[in-house]
Amino acid sequence: FFFQAEDGIRDYKVTGVQTCALPIYILELDGVVNFGRLYWHITPMRMVDSVAVEAPDANVWAEVEVRTGIDPVPDIYYEYTDMGTRVVVTQERYQNVLKNQTSNITNSDGLGGSVTLSVRPKPGIRAGIESDTENWTFWSFPTTESGNLLNLNRGSYLQLKVILHSERFDEFARLDSLWIETSPILATRVIGEVARLDEPNPIRGVAEVNMGEQTDFLYEIKAQFGLGEPGFDALRINTGSEKAEFKGLTVDGVAVDPIRAERDGSTIVVELADRVTRTRNPNIQVHFAAEVFDFARTFTGEVYNVGSADLPQPVEGGDASEEVSTNGLRVLASSDEAPDLVQNLTFSSGVVTPNGDGINDELSISYSLYGLPQGVPVQIHIFSLDGRRVASIEKGIQGSGPQELNWDGRDDSGRSLPPGMYLLGIGIDSEKQNDLQMRPVGVVY
């Protein structure tokens, strides 16, 4: 495969493997920017008589992860002091001067045996490497689709991890191009924190709620500005709840009416009456209600300018004000018992009649998924009344929260099921196994 680097095409020969990882490069940008969608293009290739040729039917794909930073080194390097504690050192010193730690030395005891002595860490010995979470984000979730929005924080450095996959040893992918949208930042930083309305200063320092229960929240943001940064006039909060409800807006503690406040899917959208800028920089506090379906839910947010082509800027967790003391955007949810992963299964009708007359041609299936740390594959399972599974239909990847699927009365091969009564359930691939929550449905022609 090939990678376009600054010094030209780099060629890596791969033989007899199914997965290949490209070297990881840190790219320095012209300044701090906001990031948008990530795009790439690959060409499927195949070896034919020892010659690489394009093969559109080759089963190959790319998987990409990204992280961003505001300094050139994403890790922190440590050296031991003469007291056995650690001190930060440069990457160059760590890699070129310091030695690997040897914690034990084994010597002869003079009696035909041996004795192991512990050596206290001392200067000149490496004391480990940690990720610089203050200046660098964590790696994004791997994406296999070009054009996805990765919700990356602002940054002046970008690091990419590209893995090319193949199902056959003689097929591979050529990475032709990879690019990402950028635009100038709206503010130096936008800091946010979230808490329960009735407990803005929780004892444990984090908002805790009952899973699946509608809860009132405060979401406070405060911006930091440098010269020439334009500011913003709108805010989006991703709640993860289709029942989220906007309840109020305060600016520096005073209740005000926004130009627009509405729910768009699971996102609360608030358009401010006045732009937040360097010279007018109040604390913004949004009051909303939402359900939490994950054990740990991060209420990600972003600010933007209505009608502008500039990319939105993510809200970063931190200390936005003294009124709220969570210093972050994460909420923890608990349940008295381990919750079933699939709950609240309902159908739009008791029957599906796929005869093309426009009435009940498809069954709308609603349910909620609970406690999933990430998206999982979802299937519709259909059983006959004697317990035989007659169909399992893949429906893609879904995460925690309210979901909806449609079923047209056909099996996984596209054949119409015979008229009769069936049991329909939602199944997911998860480490935690639970019984299917099923409901009866009739197929009628």
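Conventions and cut-offs
Residues numbered from 1 in each chain as written. Predicted model: local features only at pLDDT ≥ 70, side-chain atom pairs only at ≥ 80, totals over all residues. Heavy atoms only, no water. Core = buried A, V, L, I, M, F, W, Y, C linked by side-chain atoms within 4.5 Å. Buried < 20%, exposed > 50% of the residue type's maximum accessible area, 1.4 Å probe, protein only. Contact = heavy atoms within 4.5 Å. Pairing = 2+ DSSP bridges. Helix = DSSP H or I, 4+ residues; strand = E, 2+ residues; numbered from the N terminus. Axes fitted to C-alpha atoms, helices over the stretch in contact; angles between N-to-C directions. Salt bridge = Lys/Arg side-chain N within 4 Å of Asp/Glu carboxyl O. Patch = residues over 30% accessible without salt bridge, like charges linked within 9 Å, V, L, I, M, F, W, Y side chains within 5 Å. Areas by Shrake-Rupley, 256 points an atom, 1.4 Å probe, with all protein chains shown as cover. Polar contact = N/O pair within 3.5 Å; in protein donor to acceptor, adjacent residues only side chain to side chain. pLDDT = per-residue confidence, 0-100.

Grouped together as the largest cluster of nonpolar side chains are 35 residues, with contacts concentrated most on Phe217, Tyr219, Ile221, Phe232, Phe288 and Phe299. Setting aside anything within four residues of it in sequence, one finds phenylalanine 299 in contact with Val194, Phe217, Tyr219, Ile237, Asn238, Thr239, Phe288, Val292, Leu329 and Val331. Among the nonpolar cores identified, the runner-up in size contains 25 residues, and Leu363, Ile365, Ile380 and Ile382 belong to it.

If you walk across this open sheet you meet the three strands as S16-S28-S24, and the pairing is mixed. The outermost strands of the open sheet, each flanked by one partner alone, are strand S16 (207-210) and strand S24 (296-298). Direction aside, neighbouring strands of the sheet carry axes that sit 30° apart on average. Sheet topology note: the S16/strand S28 (residues 330-334) ladder contains four bridges and is parallel. From the neighbouring strand, valine 209 faces S28, where its bridge partner is alanine 333.

What follows deals with the pattern of salt bridges. Using the criterion set out here, one finds 22 salt bridges in the structure. Arginine 204 is the partner of glutamate 208 in a salt bridge, and the nearest nitrogen-oxygen pair spans 3.0 Å. Taking relative accessible area as the criterion, arginine 204 reaches 62% and is therefore assigned exposed. Two residues, arginine 263 and glutamate 242, come together in a salt bridge whose shortest N-O distance is 3.7 Å. You can see arginine 263 sitting in strand S21 (residues 260-264) and its partner glutamate 242 sitting in the loop between strand S18 (232-238) and strand S19 (245-251), a full 21 residues away along the chain. Linked by salt bridges that have partners in common, Arg46, Asp57, Arg168, Asp170 and Glu171 make up one network.

A separate point is a nonpolar patch on the surface. The grouping of Val48, Val51 and Val53 at the surface amounts to a nonpolar patch, some 200 Å² of accessible area in total. Looking at the secondary structure, you find valine 53 in strand S5 (residues 51-54).

This paragraph deals with the pairing of strand S31 (residues 363-369). Remark: a regular strand shows side chains that alternate across the two faces of the sheet. For S31, the buried fraction is high: six of the seven residues fall into the buried class. Examined bridge by bridge, strand S29 (residues 342-347) and S31 share four bridges and lie antiparallel to one another. By the bridge assignment for S31, valine 342 is matched with leucine 369. Where S31 lies against strand S34 (residues 401-407), seven bridges are found, and the strand directions are antiparallel.

Moving on: unusual backbone geometry. For asparagine 151, which is not glycine, the phi torsion reads 55° and is therefore positive. In this fold, asparagine 151 is placed in the loop between strand S12 (148-149) and strand S13 (155-166). A relative accessible area of 58% means that asparagine 151 is categorised as exposed. A positive phi is found at asparagine 360, a non-glycine position, where the angle reads about 55°. Judged by its relative accessible area of 31%, asparagine 360 is partly exposed.

What follows covers the side chain of serine 384. Here serine 384 is to be found in strand S32 (residues 376-384). A relative accessible area of 8% means that serine 384 is categorised as buried. Excluding residues within four positions of it along the chain, serine 384 makes contact with Val390 and Tyr422.

Read across the sheet, three strands follow the order S8-S7-S11 without closing on themselves; strand pairing throughout is antiparallel. Each of the sheet's edge strands pairs with one partner strand only, and the pair in question is strand S8 (86-89) and strand S11 (126-131). Taking each pair of neighbouring strands and ignoring which way they run, the sheet shows an average axis angle of 35°. With four bridges connecting them, strand S7 (residues 75-80) and S8 associate as antiparallel partners. When the sheet's bridge partners are listed, tyrosine 77 is paired in S8 with valine 89.

Before going further, it helps to examine the environment of asparagine 34. With respect to the helices and strands, asparagine 34 occurs in strand S4 (residues 25-48). Note on asparagine 34: relative accessible area 0%, which makes it buried. What asparagine 34 contacts, discounting residues up to four positions off in sequence, is Arg154, Glu181, Thr182, Ser183, Pro184, Ile185, Leu186, Leu311, Pro312, Gln313 and Pro314. Among the polar contacts made by the side chain of asparagine 34, one reaches the side chain of glutamine 313 at a distance of 3.3 Å.

So, about the confidence of the model for the protein chain. Per-residue confidence for the protein chain averages 85 on the pLDDT scale, and 88% of its residues sit at or above 70. Low pLDDT, under 50, characterises residues 1-18; the stretch is placed with 36 contacts to residues that sit more than four places away or in other chains.

Let us now look at the environment of glycine 425. Mapped onto the elements of the fold, glycine 425 is located in strand S35 (residues 420-428). Accessibility expressed as a relative area gives 0% for glycine 425, which makes it buried.

The subject of this paragraph is the side chain of threonine 143. Summarising the element assignment, threonine 143 is placed in the loop between S11 and S12. Polar contacts involving the side chain of threonine 143 include one to the side chain of asparagine 148, which spans 2.8 Å. The contacts of threonine 143, once residues within four sequence positions are left out, are Trp40, Ala62, Glu63, Val64, Asn148 and Leu150.

Here valine 276 shows up in strand S22 (residues 267-276). By relative accessible area, which is 1% here, valine 276 ends up buried. The spatial distance from the C-alpha of valine 276 to the C-alpha of phenylalanine 225 is 9.9 Å, given a sequence separation of 51 residues. Contact partners of valine 276, with chain neighbours within four places excluded, come to Ala223, Phe225, Pro230, Gly231, Phe232, Asn281, Pro282 and Ile284.

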